[in-house]
Amino acid sequence: VEPPWWLGLAATAAALIPAIVFRRRPVLRNAALALAFCGAGLAVMQQARWERGAAMLERRVGPVALTGRVIDVDLLDRGWRVIVAPDPLPGLAASEQPRRLRLHIAPSSDELRPGDRLQVKAMLFPVPGQVLPGGRDMQRELYFTGIGGVGYSYGGARRIIAPGDASEGGGWREWLLQL
């Protein structure tokens, strides 16, 4: 459970008041300032979670017909790995909808570039947690990059609209990724 959004700000303010009151007593002032810095750190982390955090899938979804906009494409030995900004997924509430998904798609897929819209039948899973203590924590990494689920395709993905054909406009990020 995440702490309430106001807790970091309240802790900072509550520690700054004694720091001001005890400004002539260095030991108490420094202790209050240390607590204020801890509260400010909590507030900064809550703000980062609010800005970059993603709704994560809680359960397996699929197979589902998925459409969305391609954000990034990586070529792998056995197919492609794409980051997709999906259209709303059936069976999930609005608060449960992931902003981005990472999919492994078959090599028989159409050639995809950032900005393309795709259509694919996919199986989606929650992001796996940490396997070994002290090991790589993919769930944390993908949470802060905005990716809320992983999955794979059944068959190839089909390009619906190329970036030049769409009225959505790709923007400079997609131009840079294509470059």
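First, a word on what this report is: a plain description of the structure on this page. The structure displayed is predicted, hence computed values, not measured ones.

This part covers the overall build of the protein chain. Scanning the protein chain from terminus to terminus reveals four helices and six strands. What you see in the protein chain, going N to C, is helices and strands ordered as α-α-β-β-β-β-α-β-β-α. Here the protein chain, with 179 residues, has 36% of them falling under the buried criterion. Intrachain contacts of the protein chain at a sequence separation of at least 6 include 72% that bridge at least 24 residues. Accessible surface, the protein chain: about 11,400 Å² in total, of which carbon and sulfur atoms supply 59%.

Below, the discussion takes up the nonpolar core. Val82, Leu103, Ile105, Leu112, Leu118, Val120 and Leu124 are the most contacted members of the largest nonpolar core, which has 20 residues in total. At the level of elements, strand S1 (61–76), strand S2 (79–86), strand S3 (100–105) and strand S4 (117–125) are the ones that each hand at least two residues to this core. The dominant element in this core, judged by the number of residues it contributes, is S1, at five residues. Setting aside residues up to four positions removed in sequence, Val120 forms contacts with Val64, Ala65, Leu66, Leu103, Ser153, Gly156 and Ala157.

For the rest of this paragraph, the subject is the side chain of Thr12. Looking at the element boundaries, Thr12 is found in helix H1 (residues 7–21). Sequence-distant contacts of Thr12, defined by excluding residues within four places in its chain, comprise Ala36, Gly39 and Ala40.

Procedures and definitions
- Residues numbered from 1 in each chain as written.
- Predicted model: local features only at pLDDT ≥ 70, side-chain atom pairs only at ≥ 80, totals over all residues.
- Heavy atoms only, no water.
- Helix = DSSP H or I, 4+ residues; strand = E, 2+ residues; numbered from the N terminus.
- Buried < 20%, exposed > 50% of the residue type's maximum accessible area, 1.4 Å probe, protein only.
- Contact = heavy atoms within 4.5 Å.
- Areas by Shrake-Rupley, 256 points an atom, 1.4 Å probe, with all protein chains shown as cover.
- Core = buried A, V, L, I, M, F, W, Y, C linked by side-chain atoms within 4.5 Å.

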